[in-house]
Amino acid sequence: PPAMSRRVVRQSKFRHVFGQPVKADQMYEDIRVSKVTCDSSFCAVNPKFVAIIVESGGGGAFIVLPLAKTGRVDKNHPLVTGHTAPVLDIDWCPHNDNVIASASEDTTVMVWQIPDYVPVRNITEPVVTLEGHSKRVSIISWHPTARNVLLSAGCDNLVILWNVGTGEMLLALDDMHTDLIYNVGWNRNGSLLVTTCKDKKVRVIDPRKQQIIAEKTKPHDGTRPIRAIFVADGKIFTTGFSRMSERQLGLWDLNNFEEPIALQEMDTSNGVLLPFYDADSSIVYLCGKGDSSIRYFEITDEAPYVHYLNTYSSKEPQRGMGFMPKRGLDVSKCEIARFFKLHERKCEPIVMTVPRKSDLFQDDLYPDTPGPEPALEADEWLSGKDAEPILISLRDGYVPIKNRELKVVKKNILDSKPPPGPRRSHSTCDSDYFSPALEEVLEEIRALKETVQAQEKRISDLENKLCQFTNGMD
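For clarity, every value in this text was computed on a predicted model and none was experimentally measured.

Caption draft 1: Structural context of the UniProt feature "coiled-coil region" (unreviewed entry) in the protein. Feature annotation in UniProt assigns "coiled-coil region" (unreviewed entry) to the following positions: residues 438–465. End C-alpha to end C-alpha, residues 438–465 measures 41 Å, and it is 100% helix and 0% strand.

Written out as structure tokens, the structure reads:
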């Protein structure tokens, strides 16, 4: 009969993706993972480092380990300790692998420069401290395409956008959320935000116009926290709970927010599902805090739109989860995702692989992916410009760039005020009115350049000495 010839199984190159933990010696052991009750992921990774929020007496701290430094972590390994209360969220800058931001219960956000070598002492001095929240700050997220733009959201129901390069507040989105903000996510080019809130609404916000452009009340009927992220084509993917406390996932179209494209029930566990999305493969991975599994789904344009692929299961529950950006993966092994699963006292990388027989570069698995170069400067973005991420090819693998320093130039508040007295237009202004000041500035820049060059030489000499020293000790 003709019905028999219909294809029953959906064709997809990701149908057989499987997860595998690394060998025991490739884990990071003896880490006192933070016990703070907070639905953040507690772990941030990039091609150079893994950062984990840890227990710390009397303040807030996180540990940063070079990716290759697996095995048992020395109990005296330096921490990043500058906050006076627990750290609640950390996020690596997408445009500089040596820069990480942290948000804390002490109401501040701090941005840190992490050296390529392991420092001897704790890192206690942030490059910049951002103060503007009145209650604890539980969410931070860097802008995907604009340099130095960082978002923070606090328990004061306030979302703030910062220019880290100047330490200034760019925008404050107040009066938009009536209750605790659960999560905030950018779309691919950073022109829109999606937020979830305890008032049971999902909002899509244009941050520069300071406008809510779409909102949905109760995408999931249950009372427990909702999460939302942007996926391809501006659609929104949510996780939440039904009225019967079953965990659900939903897919929504902004242009028709009333009805879901897909709404699926999963199980009755009570952990909030953290969604991690890979735009290159259109796969969303769901990791529940306290679960011992990772479920993953492919999102396509064909019904039922959200297709269950598989579940990675283990015995141990996860306390948190890090998700490696695409450029940090091993393309020679057809690795399409790598998670860093936090246990009570260790961090275990889990590798997701597409089984392939060939050793050649699989270009269908690895389309060009966002690289480390920002597409815009902060002020260009603020003035209304948008730009897609600058993509790189992974054909020959990705080699991390050497440490680039984050420079913060604090603006002087007096500079922006007009001079007292009658305004002189620039055209009628005589040129020598400027020249002495200009000369002075140029002279200062010349002197600074010389200092920087001298310091750079000194640093590289010291690094070389250190290398000889450590090589001698091996």
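Caption draft 2: Looking closely at the sheet that holds strand β8 (residues 87–92). Read from one edge to the other, the open sheet built from 4 strands follows the order β8-β9-β10-β11, with strand pairing classed as antiparallel. Two strands bound the open sheet, and with one partner strand each, they are β8 and β11 (128–131). The sheet shows a mean angle of 20° between the axes of neighbouring strands, taken without regard to direction. Relative to β11, strand β10 (residues 108–113) runs antiparallel, the two sharing 4 bridges. Note on β11: the bridge partner recorded for Val 109 is Leu 130.

Caption draft 3: Molecular detail of a nonpolar patch on the surface. A surface patch of nonpolar side chains, amounting to about 330 Å² of accessible area, comprises Leu 438, Val 441, Leu 442 and Ile 445. Turning to its location among the elements, Ile 445 is positioned in helix α2 (residues 435–473).

Caption draft 4: The arrangement of unusual backbone geometry in detail. Cis geometry is adopted by the peptide bond preceding Pro 304, which originates at Ala 303 and carries an omega value of 0°. Position of Pro 304 relative to the elements: it lies in the loop between β26 (293–299) and β27 (306–313). The backbone of Thr 107 sits at a positive phi, close to 75°, despite the residue not being glycine. Mapped onto the elements, Thr 107 comes out in the loop between β9 (99–104) and β10. Despite not being glycine, Asn 157 has its phi angle at roughly 60°, a positive value. Among the secondary structure elements, Asn 157 is positioned in the loop between β13 (149–154) and β14 (159–163). Asn 157 sits in the buried class, given a relative accessible area of 19%.

Caption draft 5: Up close: the sheet that holds strand β3 (residues 43–45). Spatial strand order, β3-β4-β5-β7: 4 strands in an open sheet with antiparallel pairing. In this open sheet, the two strands that pair with only one neighbour each are β3 and β7 (80–83). Between one strand axis and the next, the sheet turns through 20° on average, direction left out of account. As defined by bridge partners, β3 adjoins strand β4 (residues 49–54) across 3 bridges and the pair is classed as antiparallel. When the sheet's bridge partners are listed, Cys 43 is paired in β4 with Ile 52.

Caption draft 6: View of the pairing of strand β16 (residues 181–186). Within β16, 6 of the 6 residues are buried, which leaves it mostly tucked inside the rest of the structure. Hairpin geometry of β16 and strand β17 (residues 193–197) is characterised by an intervening segment of 6 residues between the two adjacent antiparallel strands and by a positive phi of about 75° at Gly 190.

Caption draft 7: Main features of the pairing of strand β30 (residues 346–353). With 7 of 8 residues buried, β30 lies mostly within the body of the structure. Sheet topology places strand β1 (residues 18–21) next to β30; 4 bridges connect them, and they run antiparallel. The residue bridging Gln 20 from the neighbouring strand is Val 351, located in β30. Pairing between strand β2 (residues 28–29) and β30: 2 bridges, direction antiparallel. Within β30, the residue paired with Glu 29 across the bridge is Lys 346.

Caption draft 8: Spotlight on the nonpolar core. By size, the foremost hydrophobic cluster in this structure holds 36 residues, and its most contacted members are Ile 31, Val 50, Ile 52, Phe 62, Ile 114 and Phe 340. Where this core is concerned, the elements lending two or more residues are β3, β4, β5 (60–66), β8, β10 and β29 (335–342). When near neighbours in sequence (up to four residues on either side) are disregarded, Ile 114 contacts Phe 49, Val 64, Val 80, Trp 92, Asn 98, Ile 100, Ile 123 and Asn 403. By size, the runner-up hydrophobic cluster in this structure holds 25 residues, among which are Val 331, Ile 336, Phe 339 and Tyr 366.

Caption draft 9: Focus on the confidence of the model for the protein. For the protein, per-residue confidence averages 91 on the pLDDT scale, and 92% of positions sit at 70 or higher. Low pLDDT, under 50, characterises residues 416–433; the stretch is placed with 6 contacts to residues that sit more than four places away or in other chains.

Rules used throughout
Residues numbered from 1 in each chain as written. Predicted model: local features only at pLDDT ≥ 70, side-chain atom pairs only at ≥ 80, totals over all residues. Heavy atoms only, no water. UniProt positions renumbered as here; feature names shortened; annotations may be inferred. Helix = DSSP H or I, 4+ residues; strand = E, 2+ residues; numbered from the N terminus. Pairing = 2+ DSSP bridges. Axes fitted to C-alpha atoms, helices over the stretch in contact; angles between N-to-C directions. Patch = residues over 30% accessible without salt bridge, like charges linked within 9 Å, V, L, I, M, F, W, Y side chains within 5 Å. Areas by Shrake-Rupley, 256 points an atom, 1.4 Å probe, with all protein chains shown as cover. Salt bridge = Lys/Arg side-chain N within 4 Å of Asp/Glu carboxyl O. Buried < 20%, exposed > 50% of the residue type's maximum accessible area, 1.4 Å probe, protein only. Core = buried A, V, L, I, M, F, W, Y, C linked by side-chain atoms within 4.5 Å. Contact = heavy atoms within 4.5 Å. pLDDT = per-residue confidence, 0-100.

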